[in-house]
Amino acid sequence: MKLSKMIKVAREKKGWTQQQLAEELGVSSGYVSNWENAHAYPSNFLNELEEILEIPLHIGSWLRETRKERNISVKELSNKSGYSTGYIYNIENRTIVNPKSETLQNLAEILGTDELPIDPRKTTLDEDVEESEGSSIGEYYTVDLEYLEEVSGVSGVYIFWSANDLPTYIGQSGNIATRYRQHRDKFWFKEPIVSYMTVIEIEDERVRKSVERILIDILRNTLLINSV
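Report follows, based on the coordinates. (Residues numbered from 1 in each chain as written. Predicted model: local features only at pLDDT ≥ 70, side-chain atom pairs only at ≥ 80, totals over all residues. Heavy atoms only, no water.)

### Some remarks on the pairing of strand β2 (residues 156-161)
Looking along a regular strand, one sees the side chains alternate between the two faces of the sheet.
Thinking step 1. Counting buried positions over the six residues of β2 gives six, a clear majority of the element.
Thinking step 2. Sheet analysis places β2 next to strand β3 (residues 167-173), joined by six bridges and oriented antiparallel. Directly across from F160, in β3, lies its bridge partner Y169.
Thinking step 3. As judged from the six bridges shared by β2 and strand β4 (residues 196-202), these two strands associate in the antiparallel manner. Of the residues in β4, the one forming a bridge with G156 is E201. (Buried < 20%, exposed > 50% of the residue type's maximum accessible area, 1.4 Å probe, protein only. Helix = DSSP H or I, 4+ residues; strand = E, 2+ residues; numbered from the N terminus. Pairing = 2+ DSSP bridges.)

### Some details on the nonpolar core
Thinking step 1. Counting 29 residues, the largest nonpolar core has L63, L77, I91, I170 and L215 as its most contacted members.
Thinking step 2. Listing elements by their share of this core, those giving two or more residues are α5 (59-69), α6 (74-81), α7 (85-92), α8 (101-111), β2, β4 and α10 (205-219).
Thinking step 3. Filtering out sequence-adjacent residues up to four positions away, L215 remains in contact with V157, I159, I170 and I200. (Core = buried A, V, L, I, M, F, W, Y, C linked by side-chain atoms within 4.5 Å. Contact = heavy atoms within 4.5 Å.)

### Structural notes on the sheet that holds β4
Thinking step 1. Taken in spatial order, the four strands make up an open sheet running β1-β4-β2-β3, and their pairing is antiparallel. Pairing within the sheet leaves two strands with one partner each, and these edge strands are β1 (137-143) and β3. The average angle at which neighbouring strand axes cross in this sheet is 15°, direction not considered. (Axes fitted to C-alpha atoms, helices over the stretch in contact; angles between N-to-C directions.)

### Structural notes on the pattern of salt bridges
Thinking step 1. Using the criterion set out here, one finds 10 salt bridges in the structure.
Thinking step 2. We note a salt bridge from R64 to E92, for which the minimum N-O separation is 3.8 Å. Of this pair, R64 sits in helix α5 while E92 is found in helix α7, placing the two residues 28 residues apart along the sequence.
Thinking step 3. Classification of R64 as partly exposed rests on a relative accessible area of 25%.
Thinking step 4. Judged by its relative accessible area of 3%, E92 falls in the buried class.
Thinking step 5. One connected set of salt bridges, linked through shared partners, spans R11, E12 and E36. (Salt bridge = Lys/Arg side-chain N within 4 Å of Asp/Glu carboxyl O.)

### A short note on the packing of α5 against α7
Thinking step 1. The interhelical angle for the contact between α5 and α7, taken along N-to-C directions, is 115°, at an axis separation of 7 Å. Residues I59, G60, L63, R64 and R67 of α5 lie in contact with α7, whose contacting residues are I88, I91 and E92.

The structure is reproduced here in C-alpha cells:
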C-alpha cells in the first residue's frame, strides 16, 4: 500500500478529517491533503504520523512490527532469508532506508504478508524519464554484503559504507558481484570499515565512469579509502 493511502486509511479509521489530523500535528490541512494525494512526502513528520495514527510508515518500522507480530526473531528471519542479522537490524533501525524491492518482497513472503510499505525514497534515479534507450541510470538500493545474489551480473556504481554511515570506497564495474569478491581480500575490507553497500544500476560503461568520478569528487573529503 502506498504511503499516501496508508495515511488516508489510518486517518479515516480514526474518524478524523484532514483538518483534525492537521491540528494534531500542528500544520495546515493543506499539508495533509498533499500527503494523501502524493503531492508531497512528510519527511519531517513521519515519526509523529506513526505515533498519532498508530501505523508503521517507515520500512524499518514495518519490518520490526511485522516480525514481532509473527513472533519471529531477527536471527530466525536471518536464517530463513539468507540476509545477515546486521543487515536486518540496519533496516529496522533505519540505518538502511532503501533496501532493494526484491529484498522486501522476500522478507514479506517469509513473514507471510503481501502488504509492503512503499517508501518514496526507494525509486529509480531517472523515474521521470520514460523507459527508453536514452534512460541509462536505473534503480539504486542498499545490499547485504553477505547476500551477493542481489548484485550478481549487475552493472553499476557501488559505494561501501562504514558502520558509522561514512562512505568508505566508491567504484564501478560491469559485474559488481565479481568486483566485490576482489575487494573482499583487501586488508581494510572488514567491520567497522565496511558495513554495507549501496548500488546504482548503470549499464553504460561511459556513464558509470562519469558517475563514479562525480561521486568521488563530491565525497572526497569524507571517503575513508578513496578510489583513483
